[in-house]
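Coordinate analysis (summary)
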Amino acid sequence: MKLIKNIQVYAPEDLGVKDVLISDSKIEKIDDHITYPYSIETIDGTGCVLTPGLIDRHVHITGGGGEAGFISRARPIEVNEILDAGITTVIGLLGTDGYTRNTKELFAKAKELTQKGVHTYILTGSYTYPTYTLTDSVEDDIVFIDSIQVLSLL
């Protein structure tokens, strides 16, 4: 358990300066003054802001680019880059590089990020036609794979 004292809270409306009790990575209580009957980790949040996690709905989690050849390929994103930006949920996609990257790699990276604490979903397919999928069917990918939430545009 952790107790953050005196932090400016937005949820998303401005709640003012509050104390926040966190248990198992979830907010248990937000109040003006929280006291706990035994010693727990306490953080002074004075001058800091607590907001809901942000959602980034367009992330090349396995890397991007490649249109100008192999030299223009960007590296995969790391979990700390996502969390340091205040993002707690991402939607990963392949985009234009459906040749040197694939849906299986995208799915695997999504599972890695999820296990590291980022809610991760993916778009099935890429700009290639016919589009690459995990199950050989866009419809089956969307219906049967929980991580796949929406259909990418071709």
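Residues numbered from 1 in each chain as written. Predicted model: local features only at pLDDT ≥ 70, side-chain atom pairs only at ≥ 80, totals over all residues. Heavy atoms only, no water.

On to the nonpolar core, then. Of all hydrophobic cores here, the largest spans 14 residues; its most connected members are I61, I82, V90, L106, L113, V118 and I122. Every element with two or more residues in this core is listed here: α1 (79-84), β7 (87-92) and α2 (103-115). Sorting elements by how many residues they give to this core places α2 first, with three residues. With residues near it in sequence (within four places) discarded, L106 still touches I61, T62, G92, L93, L94, I122 and L123. (Core = buried A, V, L, I, M, F, W, Y, C linked by side-chain atoms within 4.5 Å. Buried < 20%, exposed > 50% of the residue type's maximum accessible area, 1.4 Å probe, protein only. Helix = DSSP H or I, 4+ residues; strand = E, 2+ residues; numbered from the N terminus. Contact = heavy atoms within 4.5 Å.)

So, on to the pattern of salt bridges. Enumeration according to the criterion identifies five salt bridges in this entry. Salt-bridge contacts for K109 lead to E112; the nearest nitrogen and oxygen are separated by 3.5 Å. Of the two residues, K109 and E112 both sit in helix α2, three residues apart, roughly one turn of that helix. Residue classification places K109 among the buried residues on the basis of a relative accessible area of 10%. Look at E112 and you get partly exposed, because its relative accessible area is 27%. Linking E112 and K116 is a salt bridge whose minimum nitrogen-to-oxygen distance equals 3.1 Å. (Salt bridge = Lys/Arg side-chain N within 4 Å of Asp/Glu carboxyl O.)

With that out of the way, let us pick up α2. In this model, α2 (13 residues) spans 18 Å end to end at C-alpha, consistent with the 18 Å of a helix rising 1.5 Å per residue. Where α2 is concerned, the buried positions are T103, L106, K109, A110 and L113. Within α2, the buried residues cover an arc of 120° as seen down the axis, which keeps them to one side. Turned more than 90 degrees away from the buried face of α2 sit K104 and Q115, all of them exposed. Buried positions along α2 lie against α1, β7 and β8 (119-124). Its side-chain oxygen at 3.0 Å from the backbone nitrogen of K104, N102 defines the N-terminal cap of α2. Phi turns positive, to about 105°, at G117, one or two residues after α2. (Expected span 1.5 Å × (residues − 1). Arc of directions from axis to C-beta. Polar contact = N/O pair within 3.5 Å; in protein donor to acceptor, adjacent residues only side chain to side chain.)

Okay, unusual backbone geometry next. The peptide bond linking A11 to P12 adopts the cis configuration, its omega dihedral lying at -10°. Along the polypeptide, P12 turns up in the loop between β1 (2-10) and β2 (14-23). Not every positive phi belongs to a glycine, and N6 is a case in point at roughly 60°. Within the fold, N6 resides in strand β1. Note on N6: relative accessible area 35%, which makes it partly exposed. Positive phi is not limited to glycine here, since D136 has a value of about 70°. A residue is classified by how much of its surface remains accessible, and D136, at 73% relative accessible area, is exposed.

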